[in-house]
Amino acid sequence: NTPVRDRLRIAIQKSGRLAEPARALLASCGLSWRESRDRLFCYGESLPIDLLLVRDDDIPGLIADGVCDLGIVGRNVLEEQGSERASLDRAPAFREYRALGFGGCRLDIAVPDGWDWQGPQQLDGKRIATSYPALLSRWLKAQNVDAQVVLLSGSVEIAPRLGQAEAICDLVSSGATLSANQLKPVTTLLQSEAVLAGPADALDATRGELADLLQRRLDGALRIRH
Ligand code: PRT
Ligand code: ZN
């Protein structure tokens, strides 16, 4: 049961790759905020639209729980948590509203430089290190490949050198991290970028109107950029 609120609350990353571009995009939509001292909550001044500054991984759950109405998060995070929910037979609670044109990257399988890549079947019986176990498991199942998923929360790219896994499944943008670790990308599971996310179900009237207003302004702001 969500308490009734007549202000819209948007979750964005507190610090990290998407933090500044997300704020800049919202500011270009005419939003401005009075910053609180703890810098976790920013009270909207020009419109009743507040910000909550959080870890990106918390954003889908905050939307699912109705703590926030919208979020700006990588599609990779949204899809991972969405497919985790699906694998647990939980109903969809959040969805992508629109792509935002920044934070672009891919979720790739990468293997040691020396491998002569023949296709997904080559991963049969191998260990694959990742921070995206739900997306990787779903892909392996679809490919009918029997591999072991090794869950790591960070530094996935050094797992093959440490002998923890033979291959990895990780985000790639320039590819420099892979080549520095003698790895090469061989296939893409997901094309990602920052997205506006919201609840699977409609918002109530007041917040729905604010969300529509924001979306119209985003349309305008993104059209000018491209
Ligand atoms: O603290 P918090 O949990 O909020 O942040 P975080 O550390 O989990 O996330 P952060 O700030 O690193 O990334 C936020 C989002 O940015 C990700 O969820 C992606 O949607 C997006 N993004 C875009 C990326 C990259 N590009 C990217 N390159 N996220 C991570 N990387 C990593 C990549 O995994 C590799 O290890 O950056 C490294 C360098 O990449 P290369 O290919 O350029 O060398
Ligand atoms: Zn994170």
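Preceding block: the structure.
Given the structure is predicted, the values throughout are model-derived calculations rather than measurements. Along each chain, numbering runs from 1 in the same order as the chain's sequence is written. For this description, chains carry letters from A and ligands carry numbers from 1, given in the order in which they are written. Two thresholds apply to this predicted model, a pLDDT of at least 70 for residue-level local features and 80 or more for giving and counting side-chain atom pairs, whereas whole-chain, interface and lining totals are computed over all residues.

Chemist: Explain the site of ligand 1 to me, and be specific about the residues and the numbers.
Modeler: Not every one of the 22 residues close to ligand 1 is listed here, only the nearest: G16, G74, C105, S174 and T177. Residue assignment for the shell around ligand 1 shows that the elements contributing at least two residues are α3 (75–87), β10 (167–172) and α6 (176–180). Working definition: helices are DSSP H or I runs of at least four residues, strands are E runs of at least two. Numbering for both runs from the N terminus. Among the elements that make up the shell around ligand 1, the one with the highest residue count is β10 (three residues). In this classification, the charged set is Asp, Glu, Lys and Arg, the nonpolar set is Ala, Val, Leu, Ile, Met, Phe, Trp, Tyr, Cys and Pro, and all remaining amino acids, among them Gly, are polar. Here the residues of the shell around ligand 1 sort into six nonpolar, ten polar and six charged. A domain-level breakdown of the shell around ligand 1 finds at least three residues from each of domain 1 (8–103 + 193–225) and domain 2 (105–192). Residues are classed as near a molecule or strand if the C-beta position derived from their backbone is within 6 Å of it. The split into domains, and so the bounds of each, comes from an automatic or database assignment of domains.

Chemist: Provide a residue-level description of the sheet that holds strand β5 (residues 70–74), including the pertinent values.
Modeler: Strands qualify as paired when DSSP identifies two bridges or more between them. Across the sheet, seven strands lie side by side as β2-β3-β4-β1-β5-β12-β6; this open sheet has mixed pairing. Edge positions in the sheet fall to β2 (33–35) and β6 (94–99), since each of these pairs with one other strand and no more. The average angle at which neighbouring strand axes cross in this sheet is 30 degrees, direction not considered. Across two bridges, strand β1 (residues 8–13) lies against β5 in parallel orientation. Bridging across to β5, A11 finds its partner in G71. In this description, any two residues whose backbone-derived C-beta atoms lie within 7 Å of each other are considered to be in contact. Note on geometry: axes are C-alpha line fits, over the in-contact stretch for helices, and angles between N-to-C directions span 0 to 180 degrees. Together, β1, β4 (49–54), β5, β6 and β12 (194–199) form the strand contacts of helix α7 (residues 205–225), whose direction differs from that of β1 by roughly 50 degrees.

Chemist: Now, about the sheet that holds strand β8 (residues 127–130): what can you tell me, with residues and values included?
Modeler: Ordered by their spatial adjacency, five strands build an open sheet running β9-β8-β10-β7-β11, and the pairing between neighbours is mixed. For this open sheet the edge positions go to β9 (148–151) and β11 (183–192), each flanked by a neighbour on one side alone. Between one strand and the next, the sheet's axes are offset by a mean angle of 30 degrees, whatever the strand orientation. Contacting β7 (105–112), β10 and β11, α3 crosses the sheet at an angle of about 80 degrees to β11. Helix α4 (residues 133–143) contacts β7, β8, β9, β10 and β11 of the sheet and is inclined by roughly 170 degrees relative to β9.

Chemist: An account of unusual backbone geometry is requested, with residue identities and associated values reported.
Modeler: The phi torsion at N144 lies on the positive side, around 60 degrees, for a residue other than glycine. Residue placement: N144 occurs in the loop between α4 and β9. The backbone phi angle of Q182 is positive, close to 55 degrees, even though this residue is not glycine. Note that Q182 resides in the loop between α6 and β11. Working definition of burial: number of other C-beta atoms within 10 Å of the residue's own, with buried at 20 or more, exposed at 12 or fewer, and partly exposed in between, all C-beta atoms being placed from the backbone. A tally of 13 C-beta atoms within 10 Å means that Q182 is categorised as partly exposed.

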